[in-house]
Amino acid sequence: MRTIWLAADGSAVEIIDQTRLPHGFAIARLETLADAAHAIRAMLVRGAPLIGATAAWGLWLALCRDATDAALAQAHATLLATRPTAVNLRWALDRVRARVAPLPATERAAAARGLAIAMCDEDVALNRGIASAGLPLIRAIAARKRPDERVNILTHCNAGWLAAVDVGTATAPIYAAHDAGLAVHVWVDETRPRNQGASLTAWELLNHGVPHTVIADNAGGHLMQHGHVDLVIVGTDRTTATGDVANKIGTYLKALAAHDNGVPFYVAAPSPSIDWTLHDGRREIPIEERGAEELAQITGRLADGTVASVSVLPAGSAAANPAFDVTPARLVTGLITERGVCSATAEGLRTLFPGHASK
Ligand code: MRU
């Protein structure tokens, strides 16, 4: 199944409500622009490619009700304001707007629906490209192993099929390797504060039958020091034209540890996640600050099966919650794109995407 699709009655969009995983599985129906904006802001959907796909569908929902220039501009602005870091959001909104704006109002909704469907299919194709490009990296490590050894891959947050329309980005080469019969094992960072690793990546890998172990966010460096990590693959919310990578908070620390231990650190970067206008990620990429309650409370399943949130901070302590960080290009071994693997440099990206000269 996919993470987002047109409802069977053709009048709404349906999504997997990711706030319910892994303890429950629920489909949510988005009928209005406000529903789509809420789904992104409240993280019923999340992950850079899926944020973009939901935004494209959100414009369609808005245009179904009002296809005037003013409504289009307002819907674009509303959706753009939902989350700041993933560039896929702006990319998707600009693309749909560019397609529908020249059309008469009567034709806009149908055109937006057609493009949203195409963009979802395209996302899956891009991720399959990442799978093909990244598989040889895992195969090369497997070839150096003894027959009884596994390739140990560490990942952070969730850059799996739940973060995209399907397949995922960082997980794409992992699923491809597993499906090809290579012995892989994934170290899954729990990824505080929202626990996308423990809740979503582990759920995905479990359902796909990929051997994996959830670890505390702080365990990665130790595992690398002891030779238990062969490779790190993470996703990205925004990669600059020079190869700096914004991803879930804590990614930078993994890159530092990987660098110190000689562990290859790859970023799965589909082209819609590349911001060709930026050249200095640390200064230029907007970092989302989320609410302190995400840090203060943990949601889990109690022994009686009910799902509940509990507080883990002393009442009265302040909490800060920057949701992303920037890994400088010098710490990135390579970018795995749908067109192949390149160095995290302007030259590397230009070689693969010659039409996208940085601006
Ligand atoms: O806050 P989230 O859950 O939207 O953050 C998601 C990530 O950081 C992912 O690694 C990134 O979006 C890449 S998804 C293919």
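Residues numbered from 1 in each chain as written. Predicted model: local features only at pLDDT ≥ 70, side-chain atom pairs only at ≥ 80, totals over all residues.

### Topic: the site of the ligand
Near the ligand you find 17 residues, and of these Arg46, Ala159, Ala163, Gly235 and Lys248 are the closest. Elements that contribute at least two residues to the shell around the ligand include exactly helix H2 (48–65) and strand E9 (245–248). For the shell around the ligand, a count of residues per class yields eight nonpolar, six polar and three charged. Shared between two domains, the shell around the ligand holds at least three residues of each, these being domain 1 (4–121) and domain 2 (147–356). (Near = placed C-beta within 6 Å. Helix = DSSP H or I, 4+ residues; strand = E, 2+ residues; numbered from the N terminus. Nonpolar A, V, L, I, M, F, W, Y, C, P; charged D, E, K, R; others polar. Domains from an automatic or database assignment.)

### Quick look at helix H6 (residues 171–179)
For H6, the buried fraction is high: eight of the nine residues fall into the buried class. Within H6, the full set of buried residues consists of Thr171, Ala172, Pro173, Ile174, Tyr175, Ala176, Ala177 and His178. Within two residues after H6, Gly181 carries a phi angle of roughly 95°, on the positive side. (Buried ≥ 20, exposed ≤ 12 C-beta atoms within 10 Å, placed from the backbone.)

### A few points about the sheet that holds strand E8 (residues 238–240)
Pairing is mixed in the open sheet, where four strands are placed in the order E11-E8-E9-E14. Where the open sheet ends on each side, the last strands, each with one partner, are strand E11 (274–275) and strand E14 (324–327). Inspection of the sheet shows E8 paired to E9 by two bridges, in the antiparallel sense. Bridge pairing in E9 links Thr239 to Val245. Against the sheet, helix H9 (residues 251–261) engages E9 and E14, with an angle of about 30° to E14. (Pairing = 2+ DSSP bridges. Contact = placed C-beta atoms within 7 Å. Axes fitted to C-alpha atoms, helices over the stretch in contact; angles between N-to-C directions.)

### Side note on the packing of helix H1 (residues 33–41) against helix H3 (residues 69–80)
Put simply, H1 and H3 touch, their axes get as near as 9 Å, and they point 20° apart. Judged by the angle between their axes, H1 and H3 are roughly parallel. By crossing handedness, the relation of H1 to H3 is classed as right-handed. Between H1 and H3, the contacting residues are Leu33, Ala36 and Ala37 on the first element and Ala75, Thr78 and Leu79 on the second. (Parallel < 35°, antiparallel > 145°, perpendicular 65-115°, else oblique. Left-handed = near helix turned anticlockwise from the far one by under 90°.)

### Side note on the environment of His226
Within the secondary structure, His226 sits in the loop between helix H8 (220–225) and strand E7 (231–234). Measuring from C-alpha to C-alpha, the distance between His226 and Asn261 comes to 9.1 Å, with 35 residues separating the pair along the chain.

### Things to note about the UniProt feature "binding site: substrate" (unreviewed entry) in the protein chain
Per the UniProt record, the feature "binding site: substrate" (unreviewed entry) sits at Arg46, Gly47, Ala48, Arg83, Gln196, Asn247 and Lys248. Every residue in contact with Gly47, bar those within four places of it in the chain, is listed here: Asn158, Ala159, Leu162, Ala163 and Ala164. Topologically, Asn247 is positioned in strand E9. Residue Asn247 is classed as buried on the basis of its C-beta count, with 30 C-beta atoms lying within 10 Å. Look past the residues within four positions of Asn247 in its chain and what remains in contact with it is Cys157, Val234, Gly235, Thr236, Asp237, Phe324 and Thr327. (UniProt positions renumbered as here; feature names shortened; annotations may be inferred.)

### Let's talk about the domain arrangement of the protein chain
As far as domains go, the protein chain holds domain 1 (4–121) and domain 2 (147–356). Centre-to-centre separation of domain 1 and domain 2, based on C-alpha positions: 25 Å. Every contact between the two is made by 21 residues of domain 1 and, on the other side, 27 residues of domain 2. When contributions to the side of domain 1 that touches domain 2 are tallied by element, the ones reaching two or more residues are H2 and helix H4 (87–100). Per-element accounting of the side of domain 1 that touches domain 2 gives the leading share, five residues, to H2. Here the side of domain 1 that touches domain 2 is composed, by residue class, of 12 nonpolar, seven polar and two charged.

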